Structures are given as C-alpha cells and as structure tokens.
Amino acid sequence: IHEFDPYFNYRTTKHLVENGYYDFHNWFDDRAWYPLGRIIGGTIYPGLMVTASSIFNALNFLNITINIRNVCVFLAPLFSSFTVIVVYLLTKEVKDAGAGLVAAAMIAIVPGYISRSVAGSYDNEGIAIFCMILTYFLWIKASKTGSISWSCMCALAYFYMVSSWGGYVFLINLIPIHVFVLMITGRFSHRIYVAYCITYSLGTILSMQIPFVGFAPVETSEHMAALGVFGLCQIVAFVQYLQANMSPNAFNVLYKGVLTVGVLAAGLSFGVATFLGKIAPWTGRFYSLLDPSYAKNNIPIIASVSEHQPTTWASFYFDLQLLVFMFPVGLYYCFKELTDANIFVIVYSVTSIYFAGVMVRLMLVLAPIMCIMSGIGISTTLSTYMNNLQSEQNLPQTHKNKKKVADYPIKSEIASVMVMVVGVFLATFVFHCTWVTSEAYSSPSIVLAAKGSGGDRIIFDDFREAYNWLKFNTPEEAKVMSWWDYGYQLTAMANRTILVDNNTWNNTHISRVGQAMASPEEHSYTIMKELDVDYVLVIFGGISGYSSDDINKFLWMIRIGGSTPEGAHISESDYYSQSGEYKVDKEASSAMLQSLMYKMCYYRFGEVMTEQGKPAGWDRVRNQEIGNKDFELDVLEEAFTSEHWIVRIYKVKDMENRGNS
C-alpha cells in the first residue's frame, strides 16, 4: 500500500469485509481525532471500499481464496485497464476507431494517470477516473441518440462516480456547461433535452443516497449551475413549443416579457435563498480553484497540502510530454468539424487545463482529455499523410494526373518525413513514460530508496520500523501526537489513537497540535496534557537527507497554529532570522531555537557527524550547522529513534507529584 490516504482506505475496507456494510456505515472510530472521534460511514465516499469488498466476496464465492489486502493493492491497475477501454469508446464516439486506439494506447502509459493507478495506490482516484470517463462516454451516447436507456445508464455511472470521489463536482458542472454552450450556439434539441433532464434528475436523486453527500446537490453553490441549466432546459423547451404554435409578432412580445420576468425572478430567488442559508456558499477548496491565492491567504490548512499547489510547466511536461504539443492539434481538428460531441470535449479540454494549472492534483483530470485530443491529432495527421503516400503510389500516369503531381512535386517525400517524425515522437513518448513511471511512480513513499556514492541502492525502512515499535512497545490505549500527514498510517499500521489525521476536517484541532509544536516546552506541555498525549512522533531528515521532514513543514504548523484565537501568541515572523530567512543555525530566532519541534528533531543531533569535512550537527537537508546543540528536554524523554533517524518518538513525562515538592 502506497502513500498516506490508501492506508485509511485499506483499514476501512478491512472493517467492511470483516463486519459487514451495516456496521461499517455506523462505525464510530475512536482511534482517530482524539478526543472527538470520527463517524466513518457519514464522512467518506464509500465507492472504493464497496467495490473492493464486492470483488473480494465474489472471488471467495467462486472459491478463489485471496487476501483483502491483495485486492486493495491491485484494484487501481485493474480499473486503469477498464479506463483504457472506455477512453477508446469515448474517442471513437468523438472521432473514429483509429483515434480511439491511439488515445487508448496513450492513456495506458501516460505518467499523469499512472501516478494514481500503480499497484498499491489504493485511493479514490484509482476508480474515479474510470467512472468519470464512463459517465462522459454515456453522456455523449445519450446526447447523440436522445435515448432514455442511455440517459439512465449515464445517471447510474454518475452515481458510481459520486460514491467514489469528491471530484464529481467537476463532472456535474461540466455537463451543464456543455448543454448551456449548445443552447447559445443554437444546437439545443429534443435529444439534448431528454438526455440532460433524465441524467440530472435521476443522477441527483441517486447521489443524495450517499450519506456524505446528502442534500448537497440541492443546497450548495457548487451544484447550482446544474440545477439552473435544468430549469433553463424547461424554459427553452417551452419557448420552442410556443414558437411553433404562435405568430412571430405575438411570440416576440411574450418572449421579451417572460424573459425579463424570469431572469429577475431567478436572480431574486437565488439571492434570497443564499441570504436565508438555504444555499450554502462555496467551500474553501472550490474558492481556491477559482482564485489560487485564496487558500494561502485564508485557509492555510488547504494551502499546506502539496497536491493543492499550482502546477509548474515542468510538471506538465514531466507528466504529459508529447501530449503537451499534440493537444492543440487535436483541438484544431475538433474545431474544424464542430459536432455536439466535439463541443463537449472542447469544453472538457478548456476547463480541465485551467483547473490542472491551478492545482497539481487535478493533473489526473487533465490526463485523459490530453490523451483523447492527442489521439485525435496524431490519428488525423497520420491518416492525412498516409493517404498522400497511397494516392501517390496508386495514381495512374495520365496527362491530367501529371499536372496534379507537378502542382505538388514532393508530396510523397513530405508525407514520408511527417510519418517518420510522428513515429519518432511516439517512440520518445514511450521511453519517457517508462522512465518516469519507473523512477518517480513505482516506489511506495513509506519505504524510501536512494543511491549511494558507489551507485548501490540504499533502502530506508524507518517508517515501518517506528510504527512496529509503537505497536509492540506502547500501551494499546496510548495517544500519539504527530502532524496530520502521518495520522492515517499511525492508525492503520501502529493501531494507536491519534489526535489528527489526513481528513483535516477540524481546523481548530489541527491548529492546537501546531501550537504545541511551535511553542516552548512549558507551553507545549500544557497543551499535550490537555489532549492526554502519551507519545509525540516527528519526522526528521537531517541525517538521511530526507527533505519532506517536519522541519521543512514547520512553517505550515506555525501558520495553522496561529490561525485560531488560541494561537494568537504565535506569529510567523518570530520564527525567521533577523535577515528574514528561515534558518536553523546560529542566526535562527529565539522562538525557533526554543520551539518543541526544533528540540525534538535536533535532540542529541549536535553529537553526530553526518558528512566528512563538516562539523558535528550538520543538517544535510538545510545545509546548515544547527545553532542549539547542547540542550536537554524537560517535559519529554526520548523513547525511540529509527535506524536513520527519520522517525523520532518521545514519551511525555508525567506531572510531578505535588507531595514531593
């Protein structure tokens, strides 16, 4: 199992298999978010867990014995193969079978999708991308045919998507935008009316059966565009009916009056409903998609997640390579032959490329449409030049044809060169995808690997070593405080109660942990005792060179810790040096040197030689000699340090007996 979230998904799936759906739906997890706890059934999208448990039960029914862990590990690769088939079908509907084959071949190896579909990547996106593309394919079939059966299947696919991933909001806004564009361009028809009304109404009713979604489809701002277009469909259909049964003059008078009154009534209703709280405002994550600076300025807990950072140009090339250049070609061919299906993929392209630029996580949504557009571009280009080659070879030598050849004297040569160039590009794409997948996306983050000076491979298994130590050497009821990144792994692997985890639903609770990490020992001790903390876990890379450690994340702990009234004493500027830099050496500020995080990471580190020719206490990540070497811990005692010092665990000392003072 890779990463962090997959461990929680595996733990919940195991509970579902062992205890049944009813118990899973009502499960109150007292191991998470101590002392608050968490109701699992009402706070997750259960599609992933139900899918894995269904496959497990089906295989056992057929007497194929398999461990649920293996089902979880291989679920994402299984569904990625289904995605390849659905991408072929979707591209075939938009263009032709040749473009579908090219697009399917590309989605099978593109790094932007493989990053979430490798074995062990047991996360919601593993099945959600399949659900999303399947819904799009069925929507295009429904809009082409106006068939009730295709529309019902589209609604069912949408329901599966809603049960699997919160990204369904992108889908339920994209389809209404497509319908709205068709209205503006004069392409709205009875087929679109039937397809959208059935898909929206049935899909919304089904989606409301997911406990975590509830009444959100009719109460939140993110879903109002779909509801608005549904209402607009009724108006447009009614207008078309009146236009067919009234004289032009009478219709124009009625149309202007009804349009004015309708727009005013809709605007007034939306404003009143929002004011009364009947329509919830947009969430912070949705705002951050529209305004990339919103989260950084207002909700640091969202901005602190690496997946929520804006995408760099290097990331686009790294994850897509050739597709970046072929995407505009496919877009051109879609504009050249506008159909309802082509307009849909154009809208999908424009919206997804914007959102992928705002948030690196949404590269996953962009990858399929990049493959589809590139498949259309490459297939059409190859078909055009291959036809030129064939026509040149098969052309009979008449006087008329000689004149045509004279008009285009090197047609076959140009065609041959273009076919060879495209072939070379495709070959480099394959090599690039293979290299990126093997180097960047094939290793679990819980077991780290690096190359030594002699080229040999060094394995860092400190995480599992530390979690096993916690599991076998601490009381079962022990409470462990760590930053939220490691919460899911701690509960799944160490089976210990944690204060915060990757769900990040309670900003105040996370802020309290940030305050404990950023404060001096005495103040931190008060917070830890308030939260009944027994052990504190920190991640440190000063010896191993592991850069994703807690010292590098410490600024986010400070920002989040100071974002609530209880943390008003914490100011980010206090943790910078006099020159305004983030340092851990002698120039570091007093607040930095006295913070609990600094002391836990660098305790006894001043005695260690990390590199030849460098002084003791040389931090290999920050490339600095630490500024505070000789100190002792007052309220904590070192309980465990992993082999490479990546994971350090401290025990919180008991309060002194007042009778002894």
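Predicted model only: the values in this text are computed from it and were never measured.

K.L.:
What should I look at first to understand the packing of aromatic side chains in this one?
P.N.:
Each aromatic ring pair is summarised here by two numbers: the centre-to-centre distance and the angle between the ring planes. Applying the stated criterion across every chain, the model contains 36 aromatic pairs. An angle of 45° between the planes, with centres 5.9 Å apart, marks the rings of Tyr21 and Phe24 as tilted. Of the two residues, Tyr21 and Phe24 are both situated in helix 2 (residues 21–25); the distance of three residues between them amounts to about one turn of the helix. Since its relative accessible area comes to 42%, Tyr21 is described here as partly exposed. Relative to Phe130, the ring of Phe82 lies with its centre 5.9 Å away and its plane at 55°, an arrangement referred to as tilted.

K.L.:
Would you mind showing me how to read empty space enclosed by the protein here?
P.N.:
To locate leftover empty space, one rolls a probe as large as a water molecule over the atoms. Counted under the stated rule, the structure contains two cavities of 30 Å³ or more. Listed by contribution, the elements that provide at least two residues to the lining of the largest cavity are helix 9 (168–184) and helix 10 (190–207). Broken down by class, the residue content of the lining of the largest cavity amounts to six nonpolar, two polar and no charged. For the second largest cavity, the calculated volume is near 30 Å³. Across the lining of the second largest cavity, the residue classes tally to four nonpolar, two polar and no charged.

K.L.:
Could you clarify how one ought to interpret the pattern of salt bridges in this entry?
P.N.:
Close approach of charged atoms allows side chains with opposite charge to pair. According to the stated counting rule, one finds 22 salt bridges in the structure shown. In this structure, Asp549 engages Arg622 in a salt bridge whose closest nitrogen and oxygen atoms are separated by 2.9 Å. With Asp549 in the loop between strand 7 (535–539) and helix 27 (550–561) and Arg622 in the loop between strand 8 (618–619) and strand 9 (624–625), this pair connects stretches of sequence that are 73 residues apart. A residue is classified by how much of its surface remains accessible, and Asp549, at 0% relative accessible area, is buried. Glu625 is the salt-bridge partner of Lys629, the closest N and O atoms lying 2.5 Å from each other. When its relative accessible area of 25% is taken as the criterion, Lys629 is described as partly exposed. Accessibility expressed as a relative area gives 27% for Glu625, which makes it partly exposed. Salt bridges sharing partners connect three or more residues here, namely Arg116, Asp123, Glu125 and Arg361.

K.L.:
I'm lost on the side chain of Asp462 in this one. Help?
P.N.:
Assignment of secondary structure puts Asp462 in helix 23 (residues 462–473). Although Asp462 is buried, it makes no salt bridge; Arg648 carries the closest opposite charge, 9.6 Å away. For Asp462, the side chain forms a polar contact with the side chain of Ser642, separated by 2.6 Å. Among residues more than four places away in sequence, those in contact with Asp462 are Ser642, Glu643, His644, Trp645, Ile646 and Val647.

K.L.:
In this structure, what is going on with helix 24 (residues 487–494)? I would like to understand it.
P.N.:
Along an α-helix, residues three or four apart share an orientation, since each turn contains 3.6 residues. Most of helix 24 sits out of view: seven of its eight residues are buried. The complete set of buried residues in helix 24 reads Gly487, Tyr488, Gln489, Leu490, Thr491, Met493 and Ala494. Buried positions along helix 24 lie against helix 1 (5–19), strand 2 (38–39), helix 23, strand 5 (479–481), strand 6 (497–498) and strand 7. Backbone geometry just downstream of helix 24 places Asn495 in the positive-phi region, at approximately 55°.

K.L.:
Sorry, what's going on with helix 8 (residues 148–164) here?
P.N.:
Taking 1.5 Å as the rise per residue, helix 8 with 17 residues should run 24 Å; its terminal C-alpha atoms sit 25 Å apart, in good agreement. Among the residues of helix 8, Ser151, Cys154, Ala155, Ala157, Tyr158, Met161, Val162, Ser163 and Ser164 are the ones counted as buried. Where helix 8 is buried, its residues contact helix 3 (47–61), helix 7 (125–145), helix 9 and helix 10.

K.L.:
Would you mind showing me how to read the state of the cysteines here?
P.N.:
One covalent bond between the sulfur atoms of two cysteine residues makes up a disulfide. Evaluated as defined, the whole model comprises zero disulfides. The cysteine Cys154 is free of any disulfide, with Cys152 supplying the nearest cysteine sulfur at 9.8 Å. In this structure Cys154 comes out as buried when scored by relative accessible area, which is 0%. Its sulfur unpaired, Cys371 is 8.3 Å from the next cysteine sulfur, which belongs to Cys433. Relative accessible area serves as the criterion here: at 0%, Cys371 is assigned to the buried category.

K.L.:
Please explain the environment of Leu16 as it appears in this structure.
P.N.:
Looking at the element boundaries, Leu16 is found in helix 1. By relative accessible area, which is 6% here, Leu16 ends up buried. In this structure, the C-alpha to C-alpha distance between Leu16 and Ser304, residues 288 residues apart in sequence, is 31 Å. Every residue in contact with Leu16, bar those within four places of it in the chain, is listed here: Tyr21, Phe24, Met49, Val50 and Ser53.

K.L.:
Is there a simple way to think about unusual backbone geometry in this case?
P.N.:
One can expect most non-glycine residues to show negative phi and most peptide bonds to be in trans. A cis geometry characterises the amide bond from Tyr34 onward to Pro35, with omega recorded as 0°. Mapped onto the elements of the fold, Pro35 is located in the loop between strand 1 (28–29) and strand 2. Positive phi values are uncommon outside glycine, yet Arg604 reaches one of about 65°. Looking at the element boundaries, Arg604 is found in the loop between helix 29 (596–602) and strand 8. Taking the relative accessible area as the measure of exposure, Arg604 reaches 31% and is therefore partly exposed.

Cut-off values and rules
- Residues numbered from 1 in each chain as written.
- Predicted model: local features only at pLDDT ≥ 70, side-chain atom pairs only at ≥ 80, totals over all residues.
- Heavy atoms only, no water.
- Phe/Tyr/Trp six-rings, centres within 6.5 Å; stacked < 30°, edge-to-face > 60°.
- Helix = DSSP H or I, 4+ residues; strand = E, 2+ residues; numbered from the N terminus.
- Buried < 20%, exposed > 50% of the residue type's maximum accessible area, 1.4 Å probe, protein only.
- 1 Å grid on protein atoms, 1.4 Å probe; cavity = no way out; pocket = protein on both sides within 12 Å on 5 of 7 lines; lining within 4 Å.
- Points joined across faces, edges and corners; volume = space filled by probe spheres on them.
- Nonpolar A, V, L, I, M, F, W, Y, C, P; charged D, E, K, R; others polar.
- Salt bridge = Lys/Arg side-chain N within 4 Å of Asp/Glu carboxyl O.
- Lys, Arg positive; Asp, Glu negative; His and termini not counted.
- Polar contact = N/O pair within 3.5 Å; in protein donor to acceptor, adjacent residues only side chain to side chain.
- Contact = heavy atoms within 4.5 Å.
- Expected span 1.5 Å × (residues − 1).
- Disulfide = S-S within 2.5 Å.

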